[in-house]
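Here is how the chains run, residue by residue.
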Amino acid sequence: MPLTEGADSFDVIVVGAASASGAPRDATSHSGVRLLRGRRRIYPSFWTQWTHGIAEFSDMPMERPPVEDCMHHLFRAKYTTKYLEDYVDTMNHAGKTLRERIQFNTDVETIKKVNGQWQLLCVDTISKSQRSMFSSRLMMANGQTSVPNVPDFPGKQHFHGKILHSIDFGQSDVIQDESIQHVAVIGAGKSAADMVYEAAKAGKTVSWIIRKTGNGSLGAAAFAPLDLPTPYKTPVEASQARIMASLQPCYLIPDRSWWTWLLHSTNLGAKLVGKIFSLLDNSVRKYAGYRERKSDKGFEKLEYDNETAGGCHFADFWPLVAEKVYVHRGSVRLLSGNEPYLDDENGTHFPCDAILCGTGWKGGLDMFKDRTLMELGLPYPKDIEPQEETAKWEKLVGRADEQILRRFVMLRNPPKHCHKYETRTPYRLHHTMAPVHDDSILFMNHVVAGAKLFAAEAQAIWAVAYWTRRFRFPPWRRGKTTSRT
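Residues numbered from 1 in each chain as written. Predicted model: local features only at pLDDT ≥ 70, side-chain atom pairs only at ≥ 80, totals over all residues. Heavy atoms only, no water.

Quick look at the overall build of the protein chain
And then number 1: Within the protein chain one finds 12 helices and 24 strands.
And then number 2: Counting over 485 residues, the protein chain shows a buried share of 47%.
And then number 3: Once local pairs closer than 6 in sequence are excluded, the contacts in the protein chain between residues at least 24 apart make up 67%.
And then number 4: Total accessible area on the protein chain stands at roughly 25,200 Å², and carbon and sulfur atoms take up 52% of it. (Helix = DSSP H or I, 4+ residues; strand = E, 2+ residues; numbered from the N terminus. Buried < 20%, exposed > 50% of the residue type's maximum accessible area, 1.4 Å probe, protein only. Contact = heavy atoms within 4.5 Å. Areas by Shrake-Rupley, 256 points an atom, 1.4 Å probe, with all protein chains shown as cover.)

What follows is the structure, given as structure tokens:
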């Protein structure tokens, strides 16, 4: 079948225009798709969790932010946005900047393969017109934070207040609007904490709702103080240093050195690693004072178990939350009028003018049909997986688990923790990027990393080398045993 009449054809298309797609400049000589939305997410208390020096690509230094906009060597997030804006205007190839190669106000509706070419059906978000694009190679750099996960609250059509996700918080008037006095924040991570802080500082009545641990929720997050003593500028920089990374029982860490062997393959090393993290854990709990601070609003319910972690940028965060914020553990079972009703044992409900969702993100792979997801080794519903495919992967994962447990002593007897059941299969990609049976497509930034720009550039270098055959690669048919799940 010939290409669709009037369709554009490219050598490479990059889907995504944030930090994950800014780095692969050596690979992309044609078009990027999707909108750069950095400014949309900015709000006053949005600070970076990286320091100057690790917030830049290697081919363009970042100008140091002014002192008044720095805190413990971290800085306001707007400077990262400015850096990325400057980057796409500065980087030039074949007479075109990166910005000139980006198709703004464009959503990708569907992606499928037609006669060996990737076909993208795109929609202009302003005119609503459609266009098709074809490409020999496709780089999916939309990452894992491009599609907001907004809960489908029962009764939301009867709710009189506003409902918005953290992605829209910076562009909203929730904080400035004097008619909004009662705010509910849902979620346990850094975005939720930032919205709680902004609303409480503005004098709103704030309720912080976090699901109970054990029903799919891992509980409240841990927020580390930024003035912990370390050999580095800040604990954040220390956490992103190679020495700290080596303490993590992660298969991505090279296992060829005596140091990583000592830490992870011996009982002595496991005790040492456990001691280091125990000291850090005690410092974080002491700083928060979950059980020590006086509060009649449920502050103690914020004590974390084994959730995600982040930096606590503001010295008055915990005192403010303990004094001003109502904490509830449960889920919203119903919205009615101007009140959310929770599923806790007390049937809690309270006045609410706005619900702010710090509820994370969806996978961002909805443009692929399930069959394509299955063929590429991407997450798809477990209930449609053929039984023989499930059995095959259970065998491979079981073999991989044996290797992991032989290497990492600490993982053999883990502490009590909450299990979150996944309804979809895991990623089955080589090095978290490459499908086993199709070398014409790569998935960038579909992995969680602290130093995101470093990770983006490392993946970009690998992608260029991969597509230009600059390194020896194991045969695809044996690749199943090396794919990462």
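Considerations on the side chain of R101
And then number 1: Looking at where R101 falls in the secondary structure, it is placed in helix α3 (residues 98–101).
And then number 2: In this structure, R101 is buried with no salt-bridge partner, the nearest side chain bearing the opposite charge being E100 at 6.7 Å.
And then number 3: A polar contact is formed between the side chain of R101 and the backbone oxygen of H93, at a distance of 2.4 Å. (Lys, Arg positive; Asp, Glu negative; His and termini not counted. Salt bridge = Lys/Arg side-chain N within 4 Å of Asp/Glu carboxyl O. Polar contact = N/O pair within 3.5 Å; in protein donor to acceptor, adjacent residues only side chain to side chain.)

Observations regarding the confidence of the model for the protein chain
And then number 1: For the protein chain, the mean per-residue pLDDT works out to 86, and 89% of the residues sit at or above 70.
And then number 2: Taken as a whole, residues 20–37 scores under 50 in pLDDT and shows 72 contacts with residues more than four places along the chain or in a different chain.
And then number 3: Confidence over residues 476–485 falls short of pLDDT 50; this stretch has 30 contacts with residues more than four positions distant or in other chains. (pLDDT = per-residue confidence, 0-100.)

Examining the nonpolar core
And then number 1: Counting residues in each nonpolar core, the largest one holds 43 residues, and the members touching the most others are V185, W208, L302, F317 and W318.
And then number 2: Sorting the residues of this core by element identifies β13 (182–186), α4 (190–201), β14 (205–210), β15 (222–225), α8 (267–288), α9 (317–324), β17 (325–329) and β20 (354–357) as the ones contributing at least two each.
And then number 3: By residue number, the principal contributor to this core is α4, which donates 7 residues.
And then number 4: Those residues in contact with W318 that sit more than four places away from it in its chain are F223, Y287, A288, Y290, R293, F299, L302 and C312.
And then number 5: Counting residues in hydrophobic clusters, the runner-up holds 23 residues, among them F10, M133, L138 and M140. (Core = buried A, V, L, I, M, F, W, Y, C linked by side-chain atoms within 4.5 Å.)

Points about the state of the cysteines
And then number 1: Here the structure, examined in full by the defined rule, presents 0 disulfides.
And then number 2: Free of any disulfide, C352 has its nearest cysteine sulfur in C357, 9.8 Å distant.
And then number 3: Take C352: its relative accessible area is 0%, and that puts it in the buried class. (Disulfide = S-S within 2.5 Å.)

Considerations on the packing of α4 against α9
And then number 1: Where α4 meets α9, the axes come as close as 10 Å, and the angle between the chain directions of the two elements is 65 degrees. For the element pair α4 / α9, the angle class is roughly perpendicular. Crossing angle aside, the handedness with which α4 passes α9 is left-handed. Contacts from A193, V196, Y197, A200 and K201 in α4 reach F317, L320 and V321 in α9.
And then number 2: Across the contact of α4 with α9, the residue classes tally to 7 nonpolar, no polar and 1 charged. (Axes fitted to C-alpha atoms, helices over the stretch in contact; angles between N-to-C directions. Parallel < 35°, antiparallel > 145°, perpendicular 65-115°, else oblique. Left-handed = near helix turned anticlockwise from the far one by under 90°. Nonpolar A, V, L, I, M, F, W, Y, C, P; charged D, E, K, R; others polar.)

A look at unusual backbone geometry
And then number 1: At A94, a residue that is not glycine, the phi angle is positive and equals roughly 55 degrees.
And then number 2: Not every positive phi belongs to a glycine, and T432 is a case in point at roughly 65 degrees.
And then number 3: Here T432 is to be found in the loop between β22 (429–430) and β23 (441–443).

A word on the sheet that holds β14
What links the strands of a sheet is backbone hydrogen bonding, and the strands pair in either a parallel or an antiparallel sense.
And then number 1: If you trace the 5 strands from one edge of the open sheet to the other, you get β12-β20-β13-β14-β17, paired in parallel fashion. The open sheet has two edge strands, β12 (162–165) and β17, and neither has a second partner. The mean angle between the axes of side-by-side strands here comes to 20 degrees, regardless of whether they run parallel or antiparallel.
And then number 2: Where β13 meets β20, 4 bridges bridge the pair, whose relative direction is parallel. If you follow V185 over to β20, its bridge partner there is L356.
And then number 3: Relative to the sheet, α4 contacts β13, β14, β17 and β20, its axis offset from that of β14 by approximately 165 degrees.
And then number 4: Set on the sheet, α9 makes contact with β14 and β17; between it and β17 the angle comes to about 80 degrees. (Pairing = 2+ DSSP bridges.)

Things to note about the pattern of salt bridges
Pairing of side chains with opposite charge becomes possible as their charged atoms draw close.
And then number 1: Counting across every chain of the model gives 21 salt bridges.
And then number 2: In this structure, R131 and D8 form a salt bridge, with 2.1 Å as the shortest nitrogen-oxygen distance. Pair noted here: R131 is in strand β10 (residues 130–140) and D8 is in strand β1 (residues 8–15), with a separation of 123 residues, a long-range link.
And then number 3: Relative accessible area serves as the criterion here: at 30%, R131 is assigned to the partly exposed category.
And then number 4: Here D8 falls in the partly exposed class, since its relative accessible area comes to 27%.
And then number 5: A salt bridge links K156 to D152; the shortest N-O distance between them is 3.2 Å.
And then number 6: On the accessibility criterion, K156 (41% relative accessible area) is partly exposed.
And then number 7: A residue is classified by how much of its surface remains accessible, and D152, at 61% relative accessible area, is exposed.
And then number 8: Each member of the salt-bridge network shares a partner with another, and the members are D281, R285, R291 and E303.

With respect to the pairing of strand β9 (residues 117–124)
And then number 1: Burial within β9 is extensive, with 6 of its 8 residues counted as buried.
And then number 2: Both strand β8 (residues 106–114) and β9 contribute to a ladder of 8 bridges, which runs antiparallel. The partner of K113 across the bridge, within β9, is W118.
And then number 3: Taking the residues between adjacent antiparallel strands as the criterion, β8 and β9 are bridged by 2 residues, where N115 takes a positive phi near 50 degrees.
And then number 4: Bridging between β9 and β10 involves 6 bridges; their strand directions are antiparallel.

What to know about α4
And then number 1: For α4, which comprises 12 residues, the first-to-last C-alpha distance of 16 Å matches the rise-based estimate of 16 Å (1.5 Å per residue) to within 8%.
And then number 2: With 10 of its 12 residues buried, α4 lies for the most part within the structure.
And then number 3: With its phi angle positive at about 85 degrees, G203 sits one or two positions after the end of α4. (Expected span 1.5 Å × (residues − 1).)

Side note on the packing of aromatic side chains
And then number 1: Under the definition given, this model contains 16 aromatic pairs.
And then number 2: Geometry around Y304 places R285 over its ring, the cationic atom sitting 4.0 Å from the centre.
And then number 3: The lysine or arginine in question, K297, covers the ring of Y326, its NZ or CZ lying 5.3 Å from the ring centre. (Phe/Tyr/Trp six-rings, centres within 6.5 Å; stacked < 30°, edge-to-face > 60°. Lys NZ or Arg CZ within 6 Å of the ring centre and 35° of its normal.)

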